[in-house]
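Now for the letters of each chain:
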Protein chains: 4
Amino acid sequence: MSISIQTIQAERSDDMGKAIKVGVIGAGRIGKIHIENLCYRVPNVQVAAIADVAVDETCKWAKQFGIANVVADPMAVISDRSIDAVLICSPTDTHADLIIAAARAGKDIFCEKPIANDLGKTTAALAAVKETGVKLQVGFNRRFDPNFKRIKELIQGGELGDLHIVKITSRDPAPPPIEYVEVSGGIFMDMTIHDFDMARYLTGSEVTEVYASGSVLIDPEIGKAGDWDSAVVVLKFANKATCVIDNSRQAAYGYDQRVEAFGSRGSAIAYNNKPTNVEVSTEKAVCTDKPLYFFLERYMDSFAQELKDFVEALESGSPMPVTGEDGLQSLYVAIAATKSAKENRPVKITEVM
Amino acid sequence: MSISIQTIQAERSDDMGKAIKVGVIGAGRIGKIHIENLCYRVPNVQVAAIADVAVDETCKWAKQFGIANVVADPMAVISDRSIDAVLICSPTDTHADLIIAAARAGKDIFCEKPIANDLGKTTAALAAVKETGVKLQVGFNRRFDPNFKRIKELIQGGELGDLHIVKITSRDPAPPPIEYVEVSGGIFMDMTIHDFDMARYLTGSEVTEVYASGSVLIDPEIGKAGDWDSAVVVLKFANKATCVIDNSRQAAYGYDQRVEAFGSRGSAIAYNNKPTNVEVSTEKAVCTDKPLYFFLERYMDSFAQELKDFVEALESGSPMPVTGEDGLQSLYVAIAATKSAKENRPVKITEVM
Amino acid sequence: MSISIQTIQAERSDDMGKAIKVGVIGAGRIGKIHIENLCYRVPNVQVAAIADVAVDETCKWAKQFGIANVVADPMAVISDRSIDAVLICSPTDTHADLIIAAARAGKDIFCEKPIANDLGKTTAALAAVKETGVKLQVGFNRRFDPNFKRIKELIQGGELGDLHIVKITSRDPAPPPIEYVEVSGGIFMDMTIHDFDMARYLTGSEVTEVYASGSVLIDPEIGKAGDWDSAVVVLKFANKATCVIDNSRQAAYGYDQRVEAFGSRGSAIAYNNKPTNVEVSTEKAVCTDKPLYFFLERYMDSFAQELKDFVEALESGSPMPVTGEDGLQSLYVAIAATKSAKENRPVKITEVM
Amino acid sequence: MSISIQTIQAERSDDMGKAIKVGVIGAGRIGKIHIENLCYRVPNVQVAAIADVAVDETCKWAKQFGIANVVADPMAVISDRSIDAVLICSPTDTHADLIIAAARAGKDIFCEKPIANDLGKTTAALAAVKETGVKLQVGFNRRFDPNFKRIKELIQGGELGDLHIVKITSRDPAPPPIEYVEVSGGIFMDMTIHDFDMARYLTGSEVTEVYASGSVLIDPEIGKAGDWDSAVVVLKFANKATCVIDNSRQAAYGYDQRVEAFGSRGSAIAYNNKPTNVEVSTEKAVCTDKPLYFFLERYMDSFAQELKDFVEALESGSPMPVTGEDGLQSLYVAIAATKSAKENRPVKITEVM
């Protein structure tokens, strides 16, 4: 289940001098996780620089990894000629511009999802990537989760036959702060976009039509901000498969992340991961642990694996496991879903392209 | 899990003379099951007569239960003054007329679902019931399944908080004969109607809008007959809950009947029932039994329980556990779902009332 | 999982006159269950007479099944020439004498376990059976449980390879009254004897040596009565398999009845049966039902099945599914276990034969 | 479930100069795992030296961690005044002498289990530890497994009431090479000793008597080497709890590591860990993954956690989580078990002390 440390080490090249040098832009929560993974769990890579507005604090934090090169200005990292690739982990509204700058500087890029919340910025960024020929991986980390990867393998291996339906349950333990909701682009852009990518990944096909239903059942403030806190989405795919997603911003029992794929030859269900496998029987009931609390706990392995695969793809020259096109297609779906929920009708993807 | 026989017996009145006398109209597959349950698992009731076109065969079969009164004409049962109540288990297109006749004869009625496939017949039947004051229970047997009843109790007891979403998975092991598909009224009328009733039962609310998506993924003949073999339905309820149903006419692993209810305080999931609880670990995998094959195996207990509750309600004069109104409301939803799938748009229930 | 009623009916011969006529001796808790099963769930059999000291009460209770012939004296049943077979459900200390009397009267016999608590009575009873050539089935009902039968099939089918170890967990929800403990013959004779038979059934071999450890952890009164309320037993079998049994007179969460078989090719585990398959997730935990409360709930199906198989064996003339020899061998093991626990040493079965 | 990396980092002191300096003696399979964990998953510690006979190979391997100080002679590490503590990961027969030498040099010690296979060496080593006042932790890593730790917490918290029985299933996926079997001290010294420690850990009490049964069911060569490949052990504890352990050198489905604790208020069961939580339903069965293959996969987290706790105990001056006394007591039990299996009788621990 976990990326075994000893395996990583065995693969580490003896000559660390050949390691890929990356600069990380943005050392917030997710940036810090990526840096730790790069230092401890990914072979053949070296964090050569970090850019973050909070230079002093970041500098202090980075010392434990032996990283001394911490700057405030992302461009100092992007223009550093010794750096091979950049990780963009800064706020969403900076992603597109940084991608463009990094592409022009010839850096390969790992960018947190989404590339941008609007199509114009996204396509501009992708155009720069295409034009310069750099590589770009988008941070849809859930593709690297062992459970979901197993389901993908079962589908690809034909063990489920023709795929008929994919069902994704994705519920957060608690809603984000209202300030975040106000700028996030809405539940479909911010939260469901992971599920849109998962649906595309599992079906291996593109969405043709979206029907989305949003409700405000948890916090009226979310409704006042023009968003929904609960949603159901039906996706129709080019290959005739259907996907149903249900989202909630608040599950009392924690982070609920399940996927079911049903085909002509059978079904596969990924259940939640839990802290332990202990079952307790008492006079009251037979109980087990609740699911792992939130994405840091649940997807810890997938965060390391996506970077491991990023670095391997850079080394081997093989295609990126999640491309800019993946980012764009999921954005189309998110925009269509928002439109569908607002207008209460199925929306064809071609309407929003 | 099972209705314990000894309990039933303990409740049986000492004086069998006071038992409720029922006549059963239609001794096909489901009629036979009801007769056996009435004889063996339901206290205080006596099968006094059976009407079936195949008189000889039925007569021979009924001998084992000591039932001698077998006739061809349903009206002979309905007009029999010694009979208190009738079970209507004949083909769907005869239900409404038999309800009307039985109501006029003052008989209480248990009628298999659906009352009819069109609204006119259904409302006419219900009008006769209302007018005559007889009692009517509709055969939505799944309400009596111990798993689903538990979920209902959890919802009613407030243990799940406000109900946000209900998810119903309902997949048959194999499609019915194409001849059946041609006259069944379609997947929503014939198969999903059970799920519509389940959704209404669990939410305790009425559907206001339906979005349905149908596909032909299993057998093109079903498509030629104007029907779908796979479906996804989203129901919006008056109490703001949403329900998602997914149906398939063919699951390789058998009958898949699961329900999930998610609310502000937690969730409850009813998993499939299996023949045994044995888990086998070999070099290949860790495996358990497949789900019970089909509705006879899966809902055996619920068939007995619905009649037990029917007889108890007759005895005590308490309300029927599933009413004619339940049949009518689910029919509205089925008609709206069919319309939605055909027109590819959400349909308000008021459009079809 | 359940014996399907319609199947039973289908098998019921049209001519009830040919049904096997049984007399039931002892209409206590288990006798009543057997009578109900014979009336409702077993084809081709008729309860022709009941003997019980509480004639009036039994007579009143039996009326619901249409059984009028209720007497006080077991010999009246045994000497009734119209009766083909008897069920002996009276207290243990009467079993051996009734078996002898019934055998001499030429009746086939179903006898509740154990035949007797001492070897002399048991062998005398078996000698009478052998001498007269009547058939005898002993009431080790758990062999007919679908879970355990599945494990037996897996072993017999070679799917687990050579059998290495069998593990049986058998815990009651609450201890019996101390009066019962005082006359029961002790935990190994009364409770573990079911597990000894299960071990013999699953291994298909005979016990050669027993090591038993008993403790008084639940109720000191049980210790004062010279018995234990908790026990661990290790059995060595002729075929080199080992069996470990653990017993408790009191499990807070109900009746715990699990079996595990481990062999060279894999393992099979039978988990507990529960009232429903519902899983509830809340802020506190993820919980399911407790196991079915006690043997009446847990083994309801197996009680019916053992009688069905008894009647079928009588009809077909095939061997009894559980023989007097099975009763005797398990008694040897129980006696050896008691000796082992008292003397704190492994005891060979040959020591107690 | 996993030791979260970010937490570790957060705890890392800013001043790495104060980190505890350890020398590792023996860089075989387990030594390498410990070194990697010390480098990547344990805060406030630095691997300052490694001693291994294969100096060149180890030196090359160690370069990736920036460890340059690799020597052949363990005494060079032990006498290095800059080193605070040593990890003894060399072959078992060297443990006692190295403990004595390290203790005399004033080093705190982490030693792989067992301290030695005979009592004389073990007590001599413990005497040296006592005399010099150094700290000693023995490598019973399973105590640090999240599943088993949860069960310990439940017992300690009183949630299971008085502890009546502990059941441990411990089966390897495949037997070790016969050369290893010949020198390992036998199944009870080599394999079951982990279970003896687990039983002591969970019960919080000492073993008073052992009954062990060994069989040769897998490989006759193991029998020829004077050992068994299958075993059942019953332990009686001072606090009246009983423990049953079953071992096999070969489980077709992989590493089987389960624990059950049963007490007056309920039970807790730790099931196996699996690579994913995916369940696949097909025409054949409903299947999940097999358990994680062997101890490296299964106990990866516990290996890191035991060193983390070792370092924390050194820093804080709090008692070692697993002491030399723990090593000694488990050795008593292993010796008694071997004696019991050979002599086929229960053996009191006092007999072997």
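Residues numbered from 1 in each chain as written. Chains lettered and ligands numbered in written order. Predicted model: local features only at pLDDT ≥ 70, side-chain atom pairs only at ≥ 80, totals over all residues. Heavy atoms only, no water.

Asks: Looking at this structure, I do not really get the pattern of salt bridges. What am I missing?
Replies: Opposite charge on two side chains makes pairing possible when the charged atoms of those side chains draw close. Under the defined criterion, the tally for this structure stands at 100 salt bridges over all chains. A salt bridge links Asp197(A) to Arg143(A), with the nearest nitrogen and oxygen atoms 2.8 Å apart. Here Asp197(A) is found in helix H10 (residues 192-203), whereas its partner Arg143(A) is found in the loop between strand E6 (136-138) and helix H7 (146-156), with 54 residues between them in sequence. Residue classification places Asp197(A) among the buried residues on the basis of a relative accessible area of 2%. A salt bridge links Asp256(D) to Arg258(D), with the nearest nitrogen and oxygen atoms 2.7 Å apart. (Salt bridge = Lys/Arg side-chain N within 4 Å of Asp/Glu carboxyl O. Helix = DSSP H or I, 4+ residues; strand = E, 2+ residues; numbered from the N terminus. Buried < 20%, exposed > 50% of the residue type's maximum accessible area, 1.4 Å probe, protein only.)

Asks: I would appreciate a short explanation of the pairing of strand E13 (residues 278-282) of chain A in the present structure.
Replies: Within a regular beta strand, the side chains point alternately toward one face of the sheet and then the other, so they alternate between its two faces. With four of five residues buried, E13(A) lies mostly within the body of the structure. Between E13(A) and strand E14 (residues 286-288) of chain A, which pair antiparallel one after the other, the connecting turn spans three residues. (Pairing = 2+ DSSP bridges.)

Asks: How do you make sense of the side chain of Arg200(B) when you look at a structure like this?
Replies: With respect to the secondary-structure elements, Arg200(B) resides in helix H10 (residues 192-203). Setting aside residues no more than four positions away along its own chain, Arg200(B) makes contact with Arg143(B), Ser205(B), Glu206(B), Val207(B), Phe237(B), Glu325(B), Asp326(B), Gln329(B) and Ser330(B). (Contact = heavy atoms within 4.5 Å.)

Asks: Is there a simple way to think about the relation of the copies chain C and chain B in this case?
Replies: One copy of the chain maps onto the other through a rotation about an axis plus a displacement along that axis. For the pair chain C and chain B, the best superposition has an RMSD of 0.1 Å and corresponds to a rotation of 180° with a translation of 0.0 Å parallel to the axis. These values place the two chain copies in the arrangement generated by a two-fold rotation axis. Measuring from the rotation axis to each C-alpha of chain C, the shortest distance belongs to Tyr40(C), at 3.0 Å. Same-surface contact between copies: 98% of interface residues of chain C are shared with the interface of chain B. (Least-squares fit on C-alpha atoms with pLDDT ≥ 70 in both.)

Asks: Would you explain a positive patch on the surface in this entry?
Replies: Together, Arg265(A), Lys284(B), Arg265(C) and Lys284(D) make up a region of like positive charge exposed at the surface. Secondary-structure assignment places Arg265(C) in the loop between strand E11 (256-263) and strand E12 (266-270). Residue Arg265(C) is classed as exposed on the basis of its relative accessible area of 53%. (Patch = residues over 30% accessible without salt bridge, like charges linked within 9 Å, V, L, I, M, F, W, Y side chains within 5 Å. Areas by Shrake-Rupley, 256 points an atom, 1.4 Å probe, with all protein chains shown as cover. Lys, Arg positive; Asp, Glu negative; His and termini not counted. Charge placed at Lys NZ, Arg CZ, Asp CG, Glu CD.)

Asks: Before we go on, may I ask you to explain the pairing of strand E1 (residues 20-25) of chain A in this structure?
Replies: All names here are of chain A. Counting buried residues along E1, five of its six residues qualify, which places the element largely inside the surrounding structure. Judged from the six bridges that link them, E1 and strand E2 (residues 45-51) form a sheet pairing that is parallel. Counterpart to Gly-23 in the pairing with E2 is Ala-49. At this point the chain moves from E1, through helix H2 (residues 29-40), to the parallel E2, and the crossover so formed is right-handed. Direction of pairing for E1 relative to strand E4 (residues 85-88): parallel, over a ladder of four bridges. Its bridge partner lying in E4, Val-22 is registered against Ala-85. (Right-handed = clockwise from strand over helix to strand, strands pointing away.)

Asks: Can you walk me through the relation of the copies chain A and chain D in this structure?
Replies: Placing chain A over chain D gives an RMSD of 0.1 Å and needs a rotation angle of 180°, together with 0.0 Å of translation along the axis. Of all interface residues in chain A, 100% are interface residues in chain D too; the two copies therefore contact each other through one and the same surface.

Asks: Please clarify how the state of the cysteines should be interpreted in this entry.
Replies: What we call a disulfide is simply a covalent bond connecting the sulfur atoms of a pair of cysteines. With the rule as written, the count across this model stands at two disulfides over all chains. Between Cys287(A) and Cys287(C) runs a disulfide, and the two sulfur atoms are separated by 2.0 Å. Measuring the twist about the S-S bond at about 100°, one finds the Cys287(A)-Cys287(C) disulfide to be right-handed. Note that Cys287(A) is positioned in strand E14 and Cys287(C) in strand E14 (residues 286-288), a pairing that runs across two chains. A residue is classified by how much of its surface remains accessible, and Cys287(A), at 18% relative accessible area, is buried. Sulfur of Cys39(B): no disulfide; nearest cysteine sulfur belongs to Cys89(B) and is 13 Å away. Cysteine Cys89(B) shares no disulfide, and the gap to the nearest cysteine sulfur, in Cys111(B), comes to 8.1 Å. (Disulfide = S-S within 2.5 Å.)

Asks: Would you take a moment to explain the interface of chain A and chain D for this structure?
Replies: Accessible area lost when the parts come together is the quantity often used to give the size of an interface. Taken residue by residue, the interface counts 42 residues in chain A and 44 residues in chain D. Roughly 3700 Å² of surface becomes buried between chain A and chain D when both sides are summed, with 53% attributable to carbon and sulfur atoms. At the surface where chain A touches chain D, the tally comes to two salt bridges. When the shortest N-O distance is used, the salt bridge between Asp289(A) and Arg150(D) registers 2.3 Å. Linking chain A to chain D there are 16 residue pairs in polar contact (both at pLDDT 80 or more). Mapped onto the side of chain A that touches chain D, the elements with two or more residues apiece are helix H1 (5-11), H2, H7, strand E12 (266-270) and E13 of chain A. A breakdown of the residues in the side of chain A that touches chain D according to their chemical character gives 18 nonpolar, 13 polar and 11 charged. Here E13(A) pairs with strand E12 (residues 266-270) of chain D via five bridges, running antiparallel. Its bridge partner being in E12(D), Val278(A) is matched across the sheet by Ala270(D). (Buried area = accessible area lost by both parts, 1.4 Å probe. Polar contact = N/O pair within 3.5 Å; in protein donor to acceptor, adjacent residues only side chain to side chain. Nonpolar A, V, L, I, M, F, W, Y, C, P; charged D, E, K, R; others polar.)

Asks: Would you mind going over the side chain of Arg298(B) with me for this structure?
Replies: Inspection of the secondary structure puts Arg298(B) in helix H12 (residues 295-298). Apart from the residues within four sequence positions on either side, Arg298(B) is in contact with Asp145(B), Asn147(B), Phe148(B), Tyr255(B), Gln257(B), Asn273(B) and Leu292(B).

Asks: Looking at this structure, I do not really get unusual backbone geometry. What am I missing?
Replies: Residues and elements named next belong to chain A. Of the consecutive residues Lys-113 and Pro-114, the connecting peptide bond is found in the cis state with omega at -10°. Turning to its location among the elements, Pro-114 is positioned in the loop between strand E5 (108-111) and helix H6 (119-132). Not every positive phi belongs to a glycine, and Lys-240 is a case in point at roughly 80°. Here Lys-240 lies in the loop between strand E9 (230-237) and strand E10 (242-248).

So far we have only geometry, and geometry alone does not tell us how the molecule works.
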